[in-house]
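Fold and contact review
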Amino acid sequence: AQEVFSTLGHGQSTILRREGIMKKHVSPMFGDLALSQIHRTHIIQAIKKWTDEGLAPRSIFNHLNVMRPVFAEAMLQNIISRNPMEGIKRPKAKEVRRNPLTPEQCNALLDAIDPRYEYAIHFVLATGVRWSEFANMKIRDFKPLLNTVMVTDSKTSAGVRELPLDREDTLRISMHIADTGLNGADADSPLFTSPEGKAL
């Protein structure tokens with residue numbers, strides 16, 4: 001397994017996550033078996049055990065993805081004659097329940113927040129951006145004349161998008177930029193900062 005992993009060219013965070021999965025979940029299940037001794041029934045039993053332990057379907061899917069390249073390479077090297085991962089389906093995830101805030105809850109949040117950060121909460125509530133998208137916005141992403149702001153730093157390419165703003169939000173953001181002493185010359189500076197101009 002380690003020989004296979006060394007060829008995958010994964011980043012450090014993926015390597016750490018994979019090592020954790022191997023140590024905590026995969027090795028205890030399969031570590032005493034030769035690759036040729038692991039059959040489809042063993043994989044199914046492992047999925048059931050992980051499910052009974054309360055692991056989420058997404059976590060189990062990650063475990064299976066750690067194992068897949070190992071068995072694929074074993075097939076290529078003729079160490080095994082049949083891939084035990086073949087036909088193993090992804091555990092069915094439960095429907096995600098979303099709990100959007102009610103208008104009353106939004107107003108309560110705006111009333112409770114330090115007024116110096118009201119612009120930030122108002123913007124996030126109005127646009128629904130992720131925290132990382134919000135925190136990574138730059139002044140250049142804000143287009144006050146067009147009443148828009150661009151999301152240029154997202155988890156996926158599909159997440160790169162233009163968000164329309166109403167005039168109130170455009171004014172709030174413009175006032176925030178002015179209060180921090182920044183302007184268009186600071187295009188690469190964070191759009192949203194603390195009142196002292198520091199990153200949130």
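This text gives an overview of the structure that appears in the document.

Reading the values: the criteria
- Residues numbered from 1 in each chain as written.
- Predicted model: local features only at pLDDT ≥ 70, side-chain atom pairs only at ≥ 80, totals over all residues.
- Heavy atoms only, no water.
- Core = buried A, V, L, I, M, F, W, Y, C linked by side-chain atoms within 4.5 Å.
- Buried < 20%, exposed > 50% of the residue type's maximum accessible area, 1.4 Å probe, protein only.
- Helix = DSSP H or I, 4+ residues; strand = E, 2+ residues; numbered from the N terminus.
- Contact = heavy atoms within 4.5 Å.
- Salt bridge = Lys/Arg side-chain N within 4 Å of Asp/Glu carboxyl O.
- Expected span 1.5 Å × (residues − 1).
- Arc of directions from axis to C-beta.
- Patch = residues over 30% accessible without salt bridge, like charges linked within 9 Å, V, L, I, M, F, W, Y side chains within 5 Å.
- Areas by Shrake-Rupley, 256 points an atom, 1.4 Å probe, with all protein chains shown as cover.
- Phe/Tyr/Trp six-rings, centres within 6.5 Å; stacked < 30°, edge-to-face > 60°.

Some words on the nonpolar core
Judged by nonpolar contacts, the single largest core of 20 residues is most densely connected at Phe30, Ile43, Trp50, Leu64 and Met67. Among the secondary structure elements, those contributing two or more residues to this core are α2 (12-30), α3 (40-52) and α4 (57-76). Ranked by residues supplied to this core, first place goes to α4 with seven residues. Sequence-distant contacts of Met67, that is, excluding residues within four places in its chain, are made with Val26, Phe30, Ile43, Trp50 and Met85.

A word on the pattern of salt bridges
By the definition in use, this model includes eight salt bridges. Salt-bridge contacts for Lys48 lead to Asp52; the nearest nitrogen and oxygen are separated by 2.8 Å. Taken together, the residues span about one helical turn, with Lys48 and Asp52 both in helix α3 at a distance of four residues. Residues Lys48 and Asp52 agree in their burial class; the two are exposed. For the salt bridge of Asp188 with Arg140, the shortest nitrogen-to-oxygen distance reads 2.2 Å.

Describing unusual backbone geometry
Outside of glycine, negative phi angles account for most residues, and trans bonds account for most peptide bonds. Positive phi values are uncommon outside glycine, yet Asn78 reaches one of about 60°. With respect to the helices and strands, Asn78 occurs in the loop between α4 and α5 (103-112). Here Asn78 falls in the exposed class, since its relative accessible area comes to 67%. In this model, Asn147 sits at a positive phi of 55°, which is unusual for a non-glycine residue. Inspection of the secondary structure assignment puts Asn147 in the loop between β1 (142-143) and β2 (148-151). Judged by its relative accessible area of 22%, Asn147 falls in the partly exposed class.

Concerning the environment of Ser154
Mapped onto the elements of the fold, Ser154 is located in the loop between β2 and β3 (161-164). Ser154 sits 84 residues away from Val70 along the chain, and the two C-alpha atoms are 31 Å apart. Here Ser154 is in contact with Arg130, Glu133, Gly159, Val160 and Arg161, once residues within four sequence places are set aside.

A short note on α3
With 13 residues, α3 extends 19 Å between its outermost C-alpha atoms, agreeing within 8% with the 18 Å of an ideal straight helix rising 1.5 Å per residue. Considered for burial, the residues of α3 that qualify are Ile43, Ala46, Ile47 and Trp50. Each buried residue of α3 lies within a common arc of 100° when the element is viewed along its axis, so the set occupies one face. Facing away from the buried side of α3 by over 90 degrees, the exposed positions are Lys48 and Asp52. Next to the buried residues of α3 lie α2 and α4. Just downstream of α3, Gly54 is the residue with a positive phi angle, here 90°.

Notes on a nonpolar patch on the surface
There is a patch of nonpolar side chains on the surface, built from Leu101, Leu109 and Leu125 and spanning about 220 Å² of accessible area. In this structure Leu101 comes out as partly exposed when scored by relative accessible area, which is 44%.

Regarding the packing of aromatic side chains
Per the stated rule, a full pass over the model turns up five aromatic pairs. Relative to Phe134, the ring of Phe123 lies with its centre 6.2 Å away and its plane at 35°, an arrangement referred to as tilted. Of this pair, Phe123 sits in helix α6 (residues 118-127) while Phe134 sits in helix α7 (residues 131-135), and the two are eleven residues apart along the sequence. The exposure class assigned to Phe123 is buried, which follows from its relative accessible area of 0%. Ring centres of Trp131 and Phe134 lie 5.6 Å apart, and the angle between their planes is 45°; on these two criteria the pair is classed as tilted.

Quick notes on the environment of His122
Relative to the helices and strands, His122 is located in helix α6. His122 gets classed as buried once you look at its relative accessible area, which sits at 15%. With sequence-adjacent residues up to four places away left out, His122 is seen in contact with Leu110, Glu168, Asp169 and Arg172.

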